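# Structural characterization, general
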Amino acid sequence: MISEREIQQASILIVDDQQSNVFLLEEMLREAGYASITTTNDPYDVCALHKKNFYDLILLDLMMPGMDGFQVMEELGEGLKESGSDGYLPVLVITAQPGHKLRALAAGAKDFVSKPFDLVEVKTRIHNMLEVRLLYKKLENYNKVLEQTVLERTAELRASEARFRRLTELSSDWYWEQDDNGHFTKIFGPVFEMLGIRADEAQGSVWDNQGASWNNTEREILIDNLAARRPFLDFVYTRTNADGLQQYLMVSGEPMFDSSGRFTGYRGTGKDVTETMIGNNEMPGKK
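Attention here is on the structure that accompanies the text. (Residues numbered from 1 in each chain as written. Predicted model: local features only at pLDDT ≥ 70, side-chain atom pairs only at ≥ 80, totals over all residues. Heavy atoms only, no water.)

## Here we look at the pattern of salt bridges
In plain terms, the rule: We count a salt bridge whenever a side-chain nitrogen from Lys or Arg sits within 4 Å of a carboxyl oxygen from Asp or Glu. By the criteria applied, helices consist of DSSP H or I runs no shorter than four residues and strands consist of E runs no shorter than two, each listed in order from the N terminus. Burial status follows relative accessibility: with a 1.4 Å probe on protein chains alone, a residue under 20% of its type maximum counts as buried, one over 50% as exposed, and anything between as partly exposed.
With the rule as written, the count across this model stands at 11 salt bridges. Close ionic contact of Glu121 with Arg125 constitutes a salt bridge, the shortest N to O distance being 2.8 Å. Taken as a pair, Glu121 and Arg125 lie in helix α6 (residues 119–171) at a separation of 4 residues, close to a single helical turn. Classification of Glu121 by relative accessible area gives partly exposed; the value is 31%. Here Glu254 makes a salt bridge to Arg267, at a shortest N to O gap of 2.8 Å. Here Arg267 lies in strand β13 (residues 263–272) and Glu254 lies in strand β12 (residues 246–257), a separation of 13 residues in the sequence. On the basis of relative accessibility, which here comes to 36%, the residue Glu254 falls in the partly exposed class. Through salt bridges with shared partners, a single network forms among Asp16, Asp61 and Lys115.

## Some remarks on the sheet that holds β13
Sheets are built from strands that pair by backbone hydrogen bonding, the pairs being arranged parallel or antiparallel. Heads up, the condition is: Here, a strand pair is defined by DSSP locating no fewer than two bridges between the strands. Residues are treated as being in contact if the distance between any of their heavy atoms lies within 4.5 Å. To define axes, lines are fitted to C-alpha atoms, for helices over the stretch in contact only, and angles between the resulting N-to-C directions are given on a 0 to 180 degree scale.
Spatial ordering of the open sheet is given by β7-β6-β13-β12-β11-β10, a layout of 6 strands whose pairing is antiparallel. Across the chains shown, the open sheet's two edge strands, defined by having one partner strand only, are β7 (184–188) and β10 (213–214). Pairing analysis gives 6 bridges linking strand β6 (residues 174–179) to β13, with the strands arranged antiparallel. Residue pairing across strands places Trp176 opposite Gly268, the latter belonging to β13. Those strands touched by helix α8 (residues 216–227) are β6, β10, β11 (232–240), β12 and β13, and its axis lies near 145 degrees from that of β11.

Bear in mind that shape data such as this cannot, by itself, settle questions of function.
In structure tokens:
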């Protein structure tokens, strides 16, 4: 919400070639508590003044010699386009001609007051326009802050993902994710080169193309863990390569769930631990 103090601190420009009208409006506004008021009798000054100060409200007389209010609004509109600002024209027109009201609104004015002035009506319309304008500015600022926050959070997320990927690379040979149907959606690391397997990106599946055979008992245990959606840590299973040498692989995984508790798949890491197993006297065998 906009406070009364914020409204009374809003910047206002009064434009009228008649000094008596300017004096009347300025006195009325100051009595109502408005503190930031600028006046001019020259319509040619309006665009430059607004470009410099970006008033929250312009009280604009339509019938002025040399340059009428319609021409002023047209020049203001062109100035807003050139400056790349929000495009909001905060103009309340002052007119003694009823036929000018619709034309003024079509030209970009947000409201109007009629001459001779009804001071209560004028104060009410000014107050309402300023409240709407300040709400508009607050929303615009909020959107800018929100947009900047999103950009910052996105950058942080990307940096976090890069750090996570790097830590995964340091602690394991590959990182993997599966969807709820068991199809691979992400695989990071040189797993294909290390294991001699291929991936079908369209189907999210992998298969061995090097003639290796897997230990069926261990594979069934791993598949049972996945099917039961159980987490598993440092599970070691073996396969026998085409040359008869055994290869030891260690995988860890955990199920993933969305905010409603629905299972969405698995994620985990994998590592070739053949050298470690050999070092523990688990010598590779031949079939």
